[in-house]
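Chain residues, written in single-letter form:
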Amino acid sequence: MLASSVPRLLTRNLDKYFSAPPIRLFTPRNLRSLASIFRTFLTTTAAMPSSLVGKNSHHLKSGDPEPAPLVPGAARIYSMKFCPFAQRALIYLAKKGIRVFSTEIININLASKPEWYFAKNPKGTVPTFERDGQVVFESLIVPEFLDGIYPDTSIIVPEFLDGIYPDTSIISADPYTRAKQRILVEQLSVVVGGYVGIFLALKDNKSDDDIKEAVGKCKEALDECEKLATYNAPFFAGLEPGFPDYMVFGFFDRVWAMVTGTLPESRPTLADDLKQFTVSDFPGCGKWPRLTRWFQAMEQLEEVKASRQPFEIQKEFLKTYAGGNPEYDIGA
């Protein structure tokens, strides 16, 4: 169903509902009808192609004015469109339904940060979440905070309908399962070190030998992650994607762009060390079959598609970063 048809659907059904005489307005039958209208609306909008408003907006830099204050109830995520740490929050927003929870994305130039941004986040990092005067940062904390303030879709409908819509909380409410998921994120975070090692080697224009060493350590990280994957379920969280999957995907995605795009083009002498990586089969069924199945399953998720940058744009950005002049607005 097209987005333009949703208002017509709501208007037609709500007109029908409110045409009832006042004495019959809140009968059980009418309440059930109204619940059905809202359920149809949420189901229809959830099925539409995802969109993160502002995901590709211009990156604000030093000297740029601060955005206008938020109206009550509205929210804002400060991000950088190539940052895997910020992508953790964007995937969460996309999964929870950006249309339901009005959230604006403001991109920050991390090489030349606006002065006013440090008042919100003294570290100057992304992501940072802001709503109703509350500011939260750190990439593992923001998603859990979003689970806390947006636990389910019922917050947008009348109180008497509360509880009839599906829960969108991503991290488990069960204390033991939640603890196991957090432990799994810690274990999988070896890939963060693998990504950072290659990224910094490129950024600092290290020698081929240094980059070769960084690639070797990244392969070791992939070995560790392969052991944590299972043939019994496509995702680390189980049959459905969950907290550990969303928290680490962005780092695998950046490694994919570096070892199959940026490095082969910028350092052709490393061809032998990179030959096992291909664009279409990452990280590689031969050595990492479970990770490869997981990566391919994650790529198909609507929330991942909504938060992700195209391969070619990621690759070109990393080239500019390696050259010492990152073009944050490339591909905008």
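Now for a quick tour of the structure. (Residues numbered from 1 in each chain as written. Predicted model: local features only at pLDDT ≥ 70, side-chain atom pairs only at ≥ 80, totals over all residues. Heavy atoms only, no water.)

1. Looking at unusual backbone geometry
If a residue is not glycine, its phi is most likely negative; likewise, a peptide bond is most likely trans.
Here is step 1: That bond from V126 to P127 is cis: its omega, 5°, falls within 30 degrees of zero.
Here is step 2: Within the element layout of this structure, P127 appears in the loop between α4 (117-120) and β3 (128-131).
Here is step 3: Cis geometry marks the peptide bond from F282 to P283; its omega dihedral reads -10°.
Here is step 4: Residue position: P283 is located in the loop between α10 (271-274) and α11 (289-299).
Here is step 5: Within the chain, E138 stands out as a residue other than glycine whose phi angle is a positive 90°.
Here is step 6: When you line up the elements, E138 lands in the loop between β4 (134-137) and α5 (141-149).
Here is step 7: Phi at N205 is positive, roughly 55°, even though this residue is not glycine. (Helix = DSSP H or I, 4+ residues; strand = E, 2+ residues; numbered from the N terminus.)

2. Considerations on the environment of T177
Here is step 1: Structurally, T177 is set in helix α6 (residues 175-188).
Here is step 2: Relative accessible area serves as the criterion here: at 32%, T177 is assigned to the partly exposed category.
Here is step 3: Through-space distance from the C-alpha of T177 to that of A237 is 9.6 Å; in sequence the pair is 60 residues apart. (Buried < 20%, exposed > 50% of the residue type's maximum accessible area, 1.4 Å probe, protein only.)

3. Some details on the packing of aromatic side chains
Describing an aromatic ring pair means giving the distance of the ring centres and the angle of the ring planes.
Here is step 1: The tally for this structure, following the rule as stated, stands at 21 aromatic pairs.
Here is step 2: When the ring of F85 is compared with that of F251, the centres are 4.8 Å apart and the planes differ by 80°; the resulting orientation is edge-to-face. Separated by 166 residues along the polypeptide, F85 in helix α3 (residues 84-96) and F251 in helix α9 (residues 243-266) bring together distant segments of the chain.
Here is step 3: One aromatic cluster is present, formed by F236, F249, F252, W256, F277, F282, W288, W294, F295 and F311 through successive ring pairs. (Phe/Tyr/Trp six-rings, centres within 6.5 Å; stacked < 30°, edge-to-face > 60°.)

4. Brief notes about the side chain of R88
Here is step 1: Looking at the secondary structure, you find R88 in helix α3.
Here is step 2: Despite its burial, R88 pairs with no opposite charge, the nearest such side chain being E186 at 7.6 Å.
Here is step 3: Residues within four places of R88 in sequence aside, it is in contact with S139, L140, P143, V192, Y246, M247 and F251. (Lys, Arg positive; Asp, Glu negative; His and termini not counted. Salt bridge = Lys/Arg side-chain N within 4 Å of Asp/Glu carboxyl O. Contact = heavy atoms within 4.5 Å.)

5. Some words on the packing of α3 against α5
Here is step 1: Where α3 meets α5, the axes come as close as 8 Å, and the angle between the chain directions of the two elements is 20°. If you check the angle between α3 and α5, you find them roughly parallel. Crossing of α3 against α5: the hand is right-handed. Side by side, α3 and α5 meet where R88, A89, Y92, L93 and K96 of the first sit next to V142, P143, L146 and D147 of the second.
Here is step 2: Its residues assigned to classes, the contact of α3 with α5 comprises 6 nonpolar, no polar and 3 charged. (Axes fitted to C-alpha atoms, helices over the stretch in contact; angles between N-to-C directions. Parallel < 35°, antiparallel > 145°, perpendicular 65-115°, else oblique. Left-handed = near helix turned anticlockwise from the far one by under 90°. Nonpolar A, V, L, I, M, F, W, Y, C, P; charged D, E, K, R; others polar.)

6. Overview of the nonpolar core
Here is step 1: I198, F252 and W294 are the most contacted members of the largest nonpolar core, which has 79 residues in total.
Here is step 2: The dominant element in this core, judged by the number of residues it contributes, is α9, at 13 residues. (Core = buried A, V, L, I, M, F, W, Y, C linked by side-chain atoms within 4.5 Å.)

7. Considerations on helix α8 (residues 208-228)
Residue pairs spaced three or four apart in an α-helix point in one direction, given the helix's 3.6 residues per turn.
Here is step 1: The terminal C-alpha atoms of α8 lie 31 Å apart, and with 21 residues this matches the ideal 30 Å at 1.5 Å per residue to within 8%.
Here is step 2: Taken together, the buried positions of α8 are I211, A214, V215, C218, K219, A221, L222, C225 and E226. All buried residues of α8 fall inside an arc of 160° around its axis, so they share one side. The outward face of α8, more than 90 degrees from its buried face, is lined by the exposed residues D209, K217, E220 and K227. (Expected span 1.5 Å × (residues − 1). Arc of directions from axis to C-beta.)

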